[in-house]
Amino acid sequence: MLAEEVLEMLKEEGINLVPYLPCEKIKYLLHLLRSYPAFRSLLVNREEDGVGISAGAYLAGGKPALVIQSSGLGNSLNALLSLTVTYRLPLPILASWRGTQEEKIPAQLPFNRNLPEALRAWGIAVERVERPSELERIRETVRESYAREEPRVVLLSPRLWEGEPEAGLTFPPRGRRVELRYEITFPSPQLTRYEALRTVVERVGEEEVLVSNLGFPSRELYHLRDRDLNFYMLGSYTQASAVGLGLSLFTERRVTVLDGDGSLLGSSLLPVLGAEGPENLRVICLDNGTLGSTGDQPTYSYSHVDLELLALASGVKRTRKACSREELEEALEEKGGPLFLHVPVRPGNERVGTIPLPPEEIKRRFRRAMGVETPGVIPSSPTGD
């Protein structure tokens, strides 16, 4: 069957992580993927989270591929351009191509009918696979994506799956007991984000990985303590914790994410972190209640949402809150994970300059510090061909 051939091809090319979202047209492929022994599959809630997780996995030496519906390329486009393209990270994407082949859902047509041309306009190379005889294009796409360190897309036509068997779905018992008692009153924040960051970096071990949220958090971290094991997000809003999760899957080092309230409120990652997060992952939410890098517009966490409670409701079993330097110092001593550490801080940014490192240098020195070899890279194609 073609689905088995596709998965075997990914295995032969060394793929070892496949974040995915469902599509009815490839349900048998996904049925096999979930239990395929050669690599780890990881269900995500948003396509851009799959992009971020894949980026983190590659930075730590993993070899990911993303499987989604083609409409999800619209959701993930900013992450692909501001993360995957900006840092020159490989990512082969297998996308079930909607809006073609007698598509019955009108909403699938406007985005998908001109999708190949749109992707090429953004400099993203794309191949179409419409017949079994063209299946080898998947292998070529994976190889080119990693050789050139760039995203590449394979659009899988519905015609390809004609005759594939139905997915034999089974469901385990869903009944379970959920018990949550949570009552807290915390004072107004005592620390600024910069002061909280300084407390964190003073206690970071030499082998620990730091991933910092875009904008001022990364700039402040660079000013406080630049190191090769810092990965600075320069774009890709909402993707810092996704990158951290991907990293934690492929290293035994402790991975600490310095995220923010706006970023986490805009993400769908917390349930994935709760279900999949390994013990070496720690997410520190520096919650200033505002979008600090875009003018300090208040977020819903300022007076309405408790992000620690949101993490607990998402299945993250280990959480802490720290509102003072002493509480933060104590919380940073906690071992194990995944741990969500909620640190309310005062609004405001430290006056620091931008990070004077090109994105590719941030990536390459980080991978070197992780002990990951970066092969010779073929220059990317400016036309996306």
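Quick summary incoming for the structure in this document. Keep in mind that what you see is a predicted model, and the values were worked out from it rather than measured.

1. A few points about the nonpolar core
Counting 110 residues, the largest nonpolar core has Leu 73, Ile 138 and Leu 247 as the members making the most contacts within it. Not counting residues within four places of it along the chain, the set of residues in contact with Leu 73 comprises Ile 68, Leu 80, Ile 93, Ala 95, Phe 111, Leu 115, Leu 119, Val 153 and Leu 155.

2. Focus: the packing of aromatic side chains
Scanning the model with the defined rule gives 5 aromatic pairs in all. Ring plane angle 70° and centroid distance 5.8 Å describe the contact between Tyr 222 and Tyr 232, whose orientation is recorded as edge-to-face. With Tyr 222 in helix α9 (residues 216–224) and Tyr 232 in strand β8 (residues 230–232), the pair connects residues that are 10 residues apart, well separated along the chain. Grouping aromatic residues by their ring pairs yields a cluster made of Tyr 87, Phe 231 and Phe 366. Its guanidinium or amino end placed over the ring of Tyr 146, Lys 63 lies 5.0 Å from that ring's centre, counting from NZ or CZ. Directly above the ring of Tyr 58 sits Arg 367, whose terminal nitrogen or CZ lies 4.0 Å from the centroid.

3. What about helix α10 (residues 240–248)?
For α10, a buried count of 9 out of 9 residues is recorded, marking the element as mostly surrounded by other parts of the structure. Looking at α10, one finds that the buried residues are Ala 240, Ser 241, Ala 242, Val 243, Gly 244, Leu 245, Gly 246, Leu 247 and Ser 248.

4. A few points about the environment of Glu 149
Tracing the backbone through its elements, the reader meets Glu 149 in the loop between α7 (136–148) and β6 (151–156). Distance in space between the C-alpha atoms of Glu 149 and Thr 84 is 8.6 Å, their sequence separation being 65 residues.

5. Observations regarding the pairing of strand β2 (residues 40–43)
Relative to β2, strand β1 (residues 17–20) runs parallel, the two being bridged by 4 bridges. Looking across to β2, one finds that Leu 17 is bridged to Arg 40.

6. Looking at the packing of helix α3 (residues 47–59) against helix α4 (residues 72–85)
Relative placement of two packed helices is described by the angle separating their axes and the distance separating the axes. Where α3 meets α4, the axes come as close as 7 Å, and the angle between the chain directions of the two elements is 30°. With respect to their mutual orientation, α3 and α4 come out roughly parallel. Here α3 and α4 pass one another in a crossing that is right-handed. From α3, Glu 47, Glu 48, Val 51, Gly 52 and Ala 55 reach across to α4, where they touch Gly 72, Asn 75, Ser 76, Ala 79, Leu 80, Leu 83 and Thr 84. By residue class, the composition of the contact of α3 with α4 is 5 nonpolar, 5 polar and 2 charged.

7. Some details on the sheet that holds strand β7 (residues 209–212)
Taken in spatial order, the 6 strands of this open sheet run β8-β7-β9-β10-β14-β13, and their pairing is parallel. This sheet does not close on itself; its edge strands, each paired only once, are β8 and β13 (318–321). For this sheet, the mean inter-axis angle between neighbouring strands, taken without regard to orientation, is 15°. Pairing geometry for strand β10 (residues 281–287) and strand β14 (residues 339–344), over 6 bridges, is parallel. Bridged to Asp 287 within β14 is Pro 344. Where helix α8 (residues 193–201) meets the sheet, its contacts fall on β7, β9 (255–260), β10 and β14, and the angle it forms with β10 comes to roughly 155°.

Thresholds applied
Residues numbered from 1 in each chain as written. Predicted model: local features only at pLDDT ≥ 70, side-chain atom pairs only at ≥ 80, totals over all residues. Heavy atoms only, no water. Core = buried A, V, L, I, M, F, W, Y, C linked by side-chain atoms within 4.5 Å. Buried < 20%, exposed > 50% of the residue type's maximum accessible area, 1.4 Å probe, protein only. Contact = heavy atoms within 4.5 Å. Phe/Tyr/Trp six-rings, centres within 6.5 Å; stacked < 30°, edge-to-face > 60°. Helix = DSSP H or I, 4+ residues; strand = E, 2+ residues; numbered from the N terminus. Lys NZ or Arg CZ within 6 Å of the ring centre and 35° of its normal. Pairing = 2+ DSSP bridges. Axes fitted to C-alpha atoms, helices over the stretch in contact; angles between N-to-C directions. Parallel < 35°, antiparallel > 145°, perpendicular 65-115°, else oblique. Left-handed = near helix turned anticlockwise from the far one by under 90°. Nonpolar A, V, L, I, M, F, W, Y, C, P; charged D, E, K, R; others polar.

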